[in-house]
Amino acid sequence: MKSTLRLVEPLAASGCHGAASVSSAQRKVGDSWGYSPKRVAFHKQGRSYTCIKCEQNAGDSSRVVYNNQAHLEREALQEKVVVSSLQGATPEDSICVDTKSSSRREDVLVEELSQRPESVDSNTNDGAGSNGNGYKALDESPLEAEAWRLLKKAVVSYCGQPVGTIAANDPTDPYPLNYDQVFIRDFIPSAIAFLLKGEHEIVRNFIHHTLQLQSWEKTVDCYTPGQGLMPASFKVQTVFLDREGVKETEEILQPDFGEAAIGRVAPVDSGLWWIILLRAYGKCTGDLTLQERVDVQTGIKMILKVCLADGFDMFPSLLVTDGSMMIDRRMGTHGHPLEIQALFYHALRCAKEMLHPEAHDLIRSVNSRLAALSFHIQEYYWLDIRKLNEIYRYRTEEYSSDAVNKFNIYPDQISRWLLDWLPEQGGYFIGNLQPAHMDFRWFTLGNIWSICSALATKEQSEEILTLVEKKWEDLIGTMPLKICYPTLEEDEWRIITGADPKNTAWSYHNGGSWPVLLWQFTLACIKMGRSDLAEKAVAIAEKRLSKDWWPEYYDTKSGRFIGKQARLYQTWSIAGYLTSKLLLKNPDAVKWLTCEDDEDAASISCVDMNPRRNPDLKPQGDRHIV
Ligand code: GLC
């Protein structure tokens, strides 16, 4: 059925919550056809709409073609509207408005008068289907079906085989930068969604091909990665070959270890995610042949080797540069950020399960590191009202191995916001710990993975979720979930981010809200028997994700606006939503991605391991003291 639209009122008076001009790619297409399309967003009767407005540049017809996009498949519609402009036709999905009838030609808006039949509810479940694992897609909602369709469109093939998903699939984006690549970290929620749906092949291919991209040699010259590093992303490239006069093409996988990435950041988290996914694949499929393969075992060992290598560091936590993870720009996350520690701990737990018993030396190193790391984080990163009061009263400049204030934290560095913010119940792991420095910011991913990996004790895990519950407005608000809380502002922003215009307060990595964190939150909630919290968060996200074109992130303190520079149709927002829904329906699958308390580590006391504390301890050749 064709919608009937009529011109009603100017944009400014419509309660418009954002208007974006059209991409230059669209503009180019429009120009060459004599039209200059513009994307206009508006709000009407409690619903969000967007139109593509293709206005003819010259001539006397002054025709404006609108396309109502309050529906699914917006990208397809966008193409259609341009096509309809070109051909002068008025297909089902487009509306032609004669602007001569409007006195305010520039400001015109459209109002939907009759509901289009192809609303969200009428979509078929063609993205869903049978499930090799016995998981039923029967109760799949239209929104999930939309997400599946979009996720499948994001699949990247290499030599005819699916190998991953593109980071963002926004057809209106003229400058995709590297968002047209397959990111290791971005693919994780896609992989879990596919595993939950019984589609294992893409995950297996991804694990296999990324392994082949792993860095094998380090040359200390032209910004090349160290041995064992996994790339941040890769793309499929077609190369043209001339084989003795015969012209051929071949596909190759082109990795990016950060040599091309903005800021040249090395993705420390990639290898950790790779190990975590490998274990999840084995748990889901029951097929352990992949993880037992010699090349895969070597891949695991190489990642562990680079992580466990000696450096100048004194701590069992992993020392990294700023932006070496999901937050891949300067945000004051250098040193020992919680996110890396939690993923590191989880990857060590997963690797320990998968390593061939012959690797006993390595397994012993892993065990020692696990014990020391969990002690370090549980003891020194933990913050609740009691601990805060302790820090508030710290004595400083203590010189002794028994110092209470081991890291020489000056109480004056306690951020003022924290004194009022921290609730009586609940607690969390702070963002970072260095000599004389505690970063008190809350970081969602690190806290969530501390729960999933059992880096946090059971009590701490419960307290973290209690804190989320108590601080719901701040951490969830109108879109789950805040990447960190609170923001860096003014001088702090200038100095710490380097005045990064993308990371202004309450935007992007600096307090933006990221739907991709939802599946990870769901995982932690289910593990701790708090699915109610996850369901509540999913219900909030559900109201907006599709209407807002599945953006990468949201801005403002409560996450009200689509992020300033957020990509649309961001795959991990789509896959993250799907994975949350699927996990809630199949809570047993949480085991693929979580760990319970580590019994081996529990038997190793960090105090006992320290020869200064335990004079009875004799040095041993193969003992790994951390
Ligand atoms: C941004 C994010 C990063 C993500 C990438 C692709 O750079 O900060 O975490 O992997 O986009 O989506």
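What counts and how
- Think of each chain on its own: its residues are numbered from 1, step by step along the sequence as written.
- Given that the model is predicted, a residue must reach a pLDDT of at least 70 before its local features are reported, and side-chain atom pairs must reach 80 or more before they are shown or counted; all residues, however, enter totals for whole chains, interfaces and linings.
- Computation of side-chain values: all heavy atoms of the structure, hydrogens and water removed.
- Here a residue is considered near a molecule or strand provided that any single heavy atom belonging to it is located within 4 Å of it.
- As used in this structure description, the phrase polar contact means that two N or O atoms lie within 3.5 Å; if the pair is within protein, one of them must be able to donate a hydrogen and the other to accept it, and residues adjacent in sequence are counted only when both atoms belong to side chains.
- Using the Shrake-Rupley algorithm and a 1.4 Å probe, accessible areas are obtained, with residue cover drawn only from the displayed protein chains.
- Here the term charged refers only to Asp, Glu, Lys and Arg, the term nonpolar to Ala, Val, Leu, Ile, Met, Phe, Trp, Tyr, Cys and Pro, and the term polar to all other amino acids, Gly among them.
- Per residue, pLDDT captures the predictor's confidence, and it can take any value from 0 to 100.
- Two residues form a contact once any of their heavy atoms are found within 4.5 Å.
- Axis angles are defined between N-to-C directions and span 0 to 180 degrees, where every axis is a line fitted to C-alpha atoms and, for a helix, only to the segment in contact.
- Comment: elements are numbered from the N terminus, with helices defined as DSSP H or I runs of at least four residues and strands as E runs of at least two.
- Take the far helix as the reference: if the near one is turned anticlockwise from it by less than a right angle, the crossing is left-handed, and if turned clockwise, right-handed.
- Throughout this description, buried means an accessible area under 20% of the type-specific maximum (1.4 Å probe, protein chains only), exposed means over 50%, and partly exposed covers the range between.
- The charge count treats Lys and Arg as positive and Asp and Glu as negative. His and the chain ends do not count.
- By definition, a salt bridge exists where a carboxyl oxygen of Asp or Glu is found within 4 Å of a side-chain nitrogen of Lys or Arg.
- In these notes, a set of buried Ala, Val, Leu, Ile, Met, Phe, Trp, Tyr and Cys residues joined through side-chain atoms within 4.5 Å is what counts as a nonpolar core.
- Criterion used throughout: strands pair if DSSP finds at least two bridges between them.
- Centre distance within 6.5 Å is the pairing criterion for rings of Phe, Tyr and Trp, where only the six-membered ring of Trp is used; planes under 30 degrees apart are then read as stacked, over 60 as edge-to-face, and the remainder as tilted.
- Should the NZ of a Lys or the CZ of an Arg lie within 6 Å of a ring centre and within 35 degrees of the ring normal, that charge is described as sitting over the ring.

**Student:** It is not clear to me how the site of the ligand should be interpreted in this structure. Could you clarify?
**Tutor:** In the vicinity of the ligand, the residues found are Ala167, Tyr179, Phe183, Arg185, Asp186, Met326, Asp328, Tyr508, His509, Glu552, Gln570 and Trp572. At a separation of 2.7 Å, an oxygen atom of the ligand approaches a polar side-chain atom of histidine 509. Starting from 310 Å² of accessible surface for the ligand in isolation, the protein chains cover 95%. Here the shell around the ligand is composed, by residue class, of six nonpolar, two polar and four charged.

**Student:** I would appreciate a short explanation of the confidence of the model for the protein chain in the present structure.
**Tutor:** Interpretation of the predicted coordinates at a detailed level should be avoided for regions scoring low in pLDDT. Looking at the protein chain, the pLDDT average stands at 79 and 72% of residues meet or exceed 70. Note on residues 1-136: pLDDT under 50 across the span, and 280 contacts to partners over four residues away in sequence or across chains. pLDDT under 50 marks residues 611-626. Its contacts with residues more than four places away, or in other chains, come to 24 contacts.

**Student:** Explain the packing of helix α4 (residues 184-196) against helix α19 (residues 571-585) to me, please; I cannot follow it from the model alone.
**Tutor:** The angle between the axes and the distance between the axes are what describe a pair of packed helices. It is at 8 Å that the axes of α4 and α19 come closest, and there the two elements cross at 40°. Regarding α4 and α19, the two cross each other, and that crossing is left-handed. Note on element contacts: α19 touches α4 through Thr571, Trp572, Ala575, Gly576, Leu578, Thr579, Leu582 and Leu583, opposite Arg185, Asp186, Pro189, Ser190, Ile192, Ala193 and Leu196. A per-class count over the contact of α4 with α19 returns nine nonpolar, four polar and two charged.

**Student:** When you look at the side chain of aspartate 322 in this model, what are you seeing that I'm missing?
**Tutor:** Relative to the helices and strands, aspartate 322 is located in the loop between α8 (294-308) and α9 (338-354). Despite its burial, aspartate 322 remains without a salt bridge, the nearest opposite charge being carried by arginine 330 at 4.7 Å. From its side chain, aspartate 322 meets the backbone nitrogen of methionine 331 in a polar contact 3.2 Å long. Within the local environment of aspartate 322, its side chain forms a polar contact with the backbone nitrogen of glycine 332, the two atoms lying 3.0 Å apart. The residues contacting aspartate 322, other than those within four sequence positions of it, are Val265, Arg329, Arg330, Met331, Gly332, Thr333 and His334.

**Student:** How should I be thinking about the nonpolar core in this particular structure?
**Tutor:** A general trend in soluble globular proteins is that nonpolar side chains are found buried together. One finds Trp274, Ile275, Leu304, Tyr428, Trp449 and Phe521 to be the most contacted residues of the largest nonpolar core, which totals 156 residues. Here this core gets 11 residues from one element, more than from any other, and that element is α9. Those residues within four positions of isoleucine 275 in sequence are excluded, and the remaining contacts are Ile300, Ile303, Leu304, Ala347, Cys350, Ala351 and Met354.

**Student:** Would you mind showing me how to read the sheet that holds strand β11 (residues 246-256) here?
**Tutor:** Each strand in a sheet pairs with its neighbour through backbone hydrogen bonds, running either in the same direction (parallel) or in the opposite one (antiparallel). Strand order in the open sheet formed by three strands is β9-β10-β11, with antiparallel pairing between adjacent strands. The two strands at the open ends of the sheet, each matched to only one other strand, are β9 (182-183) and β11. Here two bridges tie β9 to strand β10 (residues 233-243), and the two strands are oriented antiparallel to one another. Looking at β10, one finds that phenylalanine 183 is bridged to serine 233.

**Student:** What's the story with the packing of aromatic side chains in this structure? I'm lost.
**Tutor:** Aromatic ring pairs are described here by two measures, namely the spacing of the ring centres and the angle between the planes. What the rule picks out here adds up to 20 aromatic pairs. Relative to tyrosine 485, the ring of tryptophan 417 has its centre 6.0 Å away and its plane inclined at 85°; by these criteria the two rings are edge-to-face. A residue pair is termed long-range when its members are at least 10 positions apart, and tryptophan 417 in helix α12 (residues 416-421) and tyrosine 485 in strand β17 (residues 484-485) qualify at 68 residues. What makes tryptophan 417 partly exposed here is its relative accessible area of 25%. Tyrosine 485 gets classed as buried once you look at its relative accessible area, which sits at 8%. Their ring planes at 55° and their centres at 5.7 Å tell us that tryptophan 550 and tyrosine 577 sit as a pair that is tilted. Of the two residues, tryptophan 550 sits in the loop between α18 (531-542) and β18 (554-555) while tyrosine 577 sits in helix α19, which places them 27 residues apart along the sequence. Every member of this aromatic cluster is reached through a ring pair, and the members are Trp417, Trp421, Tyr428, Trp442, Tyr485 and Trp506. Directly above the aromatic system of tryptophan 148 lies the positively charged group of lysine 197, at a separation of 4.5 Å from the ring centroid.

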